[in-house]
Amino acid sequence: MGINVNFEGLKPFIREDEYTKIQPSVKMAHDLLLSGTGAGNDFIGWVDLPVNYDKEEFARIKQAAKKIQSNSEVLIVIGIGGSYLGGRAALDFIKGNNYNNKKHAGTPDIYFVGNSISSDYLSDILEMLGDRDFSINIISKSGTTTEPAIAFRIFKKLIEEKYGKEGAKERIFATTDKARGALKSLCDKEGYETFVITDDIGGRFSVLTPVGLLLMASAGIDIDKVMQGAADAREEYLNDDINKNVCLKYAATRQILARKGKETEILANYEPSLTMFGEWYKQLYAESEGKDQKGIFPVGANFSTDLHSIGQFIQDGNRNLFETVLWVKNAKNDIIIEEDPENIDGLNFVSGKSIQYVNSKAFAGTYLAHIDGGVPTIVIEIEKADEYSFGYLVYFFEKALAISGYIEGVNPFDQPGVEAYKKNMFALLGKPGYEDRKAELENRLKG
């Protein structure tokens with residue numbers, strides 16, 4: 001099964017005729033995407049990826065994963081942004097966010113580095129790695145992005161010291177450009193096995209490519225089921241009628257609400273294992289729509305936890321937001337609450353009930369309260385947080401984003417603003433070619 005999208009929580013906020021009015025814009029956006037004639041059309045390889053991926057490379061990914069499982073207790077995954085968030089989201093979504101703390105015979109612990117410039121974080125990972133056998137998956141199209149490049153320097157030196165250059169090349173796997181770049185050149189020189197980041201899929205859309213698939217397979221995730229979920233979603237969402245296509249209706253809903261001043265979207269969940277999915281969603285939507293002084297600001301929330309922190313604001317604060325809730329209907333492992341003879345906590349009224357049942361009532365009660373508080377709410381129901389659902393959900397959000405971006409009137413596939421901080425950082429670090437800018441920025445910092 002795929003997903004079920006419930007729009008009932010929008011009835012007090014959106015009239016049916018508003019969907020009728022936006023339908024031509026939705027059809028136009030859908031036509032631009034599928035015909036490849038819209039802005040950023042060089043980066044829409046993800047659209048048909050679930051049925052058009054490299055089967056030979058897919059088989060090599062499985063073989064590489066088996067090799068990692070056979071000789072490594074730890075897999076170090078090095079990447080940032082789209083090279084990190086999707087794979088991390090998949091691992092937590094399917095295996096749980098305590099994966100490294102659970103018994104999982106036959107698969108390695110997976111540590112993520114290169115996603116920050118924190119010395120303390122990196123030191124912690126080195127300490128946790130200790131003297132265990134490990135492999136590296138470095139994910140970078142160029143090989144020169146600051147955060148992963150620093151981490152790779154450190155772990156490349158460590159793995160070569162531990163196994164020698166010949167041994168290290170059997171344990172370093174690079175996901176990079178097919179033909180060019182510093183990392184590709186190094187791989188050719190050293191003999192590392194490589195997987196391809198294709199030119200027609202941007203980083204934030206790359207989770208269903210080798211960028212995400214190698215770590216998934218290494219963790220024992222069935223990547224065939226992941227791709228099947230995405231393929232079924234692709235087929236399901238080909239219709240351009242928003243009354244028959246919930247993916248397009250979700251995209252249209254976002255734009256209708258934005259025009260009513262709802263400029264913030266909260267992606268909420270009731271499972272800690274979906275926290276990183278929210279982080280992936282934030283990059284996908286912020287980097288795609290946040291340009292030309294436009295865009296809906298995406299934030300993540302983890303309920304019921306965050307109901308005890310930001311819940312007050314959601315209920316009674318500025319009414320510039322709407323909510324999309326990811327609700328997993330079936331727990332992988334449910335627990336029954338037993339009766340306590342003393343009933344000190346006063347919870348015997350839920351004895352005999354499952355924790356999932358209690359969570360479902362927290363969800364239902366919050367859903368009704370937020371609607372009453374003026375928060376338009378969309379619910380995306382997932383049968384179970386497994387491989388199939390992950391692939392399906394990824395495709396749903398990717399396609400909805402593309403349609404929403406085209407309706408908004410932006411190119412959803414570029415990110416011109418991302419480079420601004422990098423230029424300043426390079427100048428302040430003294431990178432050759434930035435000398436003039438360095439003096440200017442230092443003077444500004446001095447006030």
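As the structure is a computational prediction, the values presented were derived from the model and not from experiment.

Thresholds applied
- Residues numbered from 1 in each chain as written.
- Predicted model: local features only at pLDDT ≥ 70, side-chain atom pairs only at ≥ 80, totals over all residues.
- Heavy atoms only, no water.
- Helix = DSSP H or I, 4+ residues; strand = E, 2+ residues; numbered from the N terminus.
- Rg over C-alpha atoms; globule rule 2.2 N^0.38 Å.
- Buried < 20%, exposed > 50% of the residue type's maximum accessible area, 1.4 Å probe, protein only.
- Contact = heavy atoms within 4.5 Å.
- Areas by Shrake-Rupley, 256 points an atom, 1.4 Å probe, with all protein chains shown as cover.
- Lys, Arg positive; Asp, Glu negative; His and termini not counted.
- Charge placed at Lys NZ, Arg CZ, Asp CG, Glu CD.
- Core = buried A, V, L, I, M, F, W, Y, C linked by side-chain atoms within 4.5 Å.
- Pairing = 2+ DSSP bridges.
- Right-handed = clockwise from strand over helix to strand, strands pointing away.
- Axes fitted to C-alpha atoms, helices over the stretch in contact; angles between N-to-C directions.
- Phe/Tyr/Trp six-rings, centres within 6.5 Å; stacked < 30°, edge-to-face > 60°.
- Lys NZ or Arg CZ within 6 Å of the ring centre and 35° of its normal.
- Salt bridge = Lys/Arg side-chain N within 4 Å of Asp/Glu carboxyl O.
- Parallel < 35°, antiparallel > 145°, perpendicular 65-115°, else oblique.
- Left-handed = near helix turned anticlockwise from the far one by under 90°.
- Nonpolar A, V, L, I, M, F, W, Y, C, P; charged D, E, K, R; others polar.

**Points about the overall build of the protein**
If you tally the helices and strands in the protein, you get 15 helices and ten strands. Its C-alpha radius of gyration of 23 Å places the protein within 12% of the 22 Å reference for a compact globule of 447 residues. Along the first, second and third principal axes, the C-alpha set of the protein runs to 65 × 60 × 55 Å. Buried positions account for 51% of the 447 residues belonging to the protein. Long-range contacts, defined here as pairs at least 24 residues apart, represent 77% of the contacts in the protein between residues at least 6 apart. By element, 51% of the accessible surface of the protein is carried by carbon and sulfur atoms, the whole surface being about 20,400 Å². Charged side chains in the protein number 52 positive and 65 negative. The centres of these two groups are separated by 4 Å.

**Let's talk about the nonpolar core**
Counting residues in each nonpolar core, the largest one holds 108 residues, and the members touching the most others are Trp 46, Phe 277, Trp 280, Phe 390 and Phe 397. Among the elements that take part in this core, helix α13 (residues 387-408) stands out by supplying 14 residues, more than any other. Ignoring any residue separated from it by four or fewer positions in sequence, one finds Trp 280 in contact with Leu 85, Gly 86, Ala 89, Arg 204, Val 207, Val 394, Phe 397 and Glu 398. One finds Tyr 111, Leu 122, Leu 129 and Phe 152 within the second-largest nonpolar core, a separate group that totals 21 residues.

**Quick word on the pairing of strand β2 (residues 74-78)**
For β2, the buried fraction is high: five of the five residues fall into the buried class. Alternating residues of β2 divide into Val 74, Ile 76 and Ile 78 and Leu 75 and Val 77, and every residue in both groups is buried. When β2 meets strand β3 (residues 109-113), the two strands line up parallel, connected through five bridges. Bridged to Val 74 within β3 is Asp 109. Of the crossover connections in this fold, the one passing from β2 over helix α3 (residues 85-95) to the parallel β3 is right-handed. When β2 meets strand β4 (residues 134-139), the two strands line up parallel, connected through five bridges. By the bridge assignment, Ile 78 is partnered in β4 with Ile 138.

**Overview of the pairing of strand β1 (residues 3-6)**
Going residue by residue along β1, you find Ile 3 and Val 5 tucked away on one face and Asn 4 and Asn 6 left uncovered on the opposite face. Two strands pair when backbone bridges link them, and β1 and strand β10 (residues 377-382) are joined in this way by four bridges, in the antiparallel orientation. Following the sheet pairing, Asn 4 is matched in β10 by Glu 381.

**Side note on the sheet that holds β1**
Spatial ordering of the open sheet is given by β1-β10-β9-β7-β8, a layout of five strands whose pairing is mixed. The sheet is open, and its two edges are formed by β1 and β8 (297-302), each paired on a single side. Here the strands of the sheet are splayed against their neighbours by 20° on average, with no regard to which way each runs. Examined bridge by bridge, strand β7 (residues 264-269) and strand β9 (residues 321-328) share six bridges and lie parallel to one another.

**Side note on the packing of aromatic side chains**
Here the structure, examined in full by the defined rule, presents 28 aromatic pairs. Between Tyr 270 and Phe 303, the aromatic rings sit 5.5 Å apart at their centres with planes inclined by 75°, giving edge-to-face as the arrangement. Linking Tyr 270 in the loop between β7 and α10 (275-289) with Phe 303 in the loop between β8 and α11 (311-316), this pair joins segments that are 33 residues apart in sequence. Ring centres 6.1 Å apart and planes at 65° place the aromatic pair Tyr 281 and Phe 397 in the edge-to-face group. With Tyr 281 in helix α10 and Phe 397 in helix α13, this pair connects stretches of sequence that are 116 residues apart. Classification of Tyr 281 by relative accessible area gives buried; the value is 0%. Linked through ring pairs, Phe 93, Tyr 237, Tyr 250, Phe 277, Trp 280, Tyr 281, Tyr 285, Tyr 388, Phe 390, Tyr 392, Phe 396 and Phe 397 together constitute an aromatic cluster. Above the plane of the ring of Phe 426 lies Lys 431, whose end atom (NZ or CZ) is 4.1 Å from the centre.

**Brief notes about the pattern of salt bridges**
Any two side chains of opposite charge can pair, given that their charged atoms come close. In total, this model carries 33 salt bridges according to the counting rule given. Here Asp 92 makes a salt bridge to Arg 88, at a shortest N to O gap of 3.7 Å. Pair noted here: Asp 92 and Arg 88 are both in helix α3, with a separation of four residues, about one helical turn. In this structure Asp 92 comes out as buried when scored by relative accessible area, which is 5%. On the basis of relative accessibility, which here comes to 23%, the residue Arg 88 falls in the partly exposed class. Across the pair Arg 204 and Glu 287 runs a salt bridge, and its minimum N-O distance is 3.0 Å. Remark: Glu 287 occurs in helix α10 and Arg 204 occurs in the loop between β6 (193-196) and α7 (210-218); sequence separation between them is 83 residues. Judged by its relative accessible area of 5%, Arg 204 is buried. Residues joined in a network through salt bridges with shared partners are Arg 15, Asp 17, Glu 18, Lys 21 and Lys 260.

**Things to note about α3**
Burial runs high along α3: nine of the eleven residues are buried. When α3 is considered as a whole, its buried residues turn out to be Leu 85, Gly 86, Gly 87, Ala 89, Ala 90, Leu 91, Asp 92, Phe 93 and Ile 94. Of the surrounding elements, those touching the buried residues of α3 are β3, α7, α8 (223-236), α10 and α13. Looking one or two places after α3, you find Gly 96, whose phi comes out positive at around 95°.

**Let's talk about the packing of α8 against α13**
Packing of α8 against α13 brings their axes to within 6 Å, and their N-to-C directions diverge by 40°. Between α8 and α13, the interaxial angle falls into the category oblique. You can see that α8 and α13 cross each other, and the crossing is right-handed. Contacts from Lys 225, Val 226, Gln 228, Gly 229, Ala 230, Asp 232, Ala 233, Arg 234 and Glu 236 in α8 reach Glu 387, Tyr 388, Phe 390, Gly 391, Tyr 392 and Tyr 395 in α13. For the contact of α8 with α13, the per-class residue count stands at seven nonpolar, three polar and five charged.

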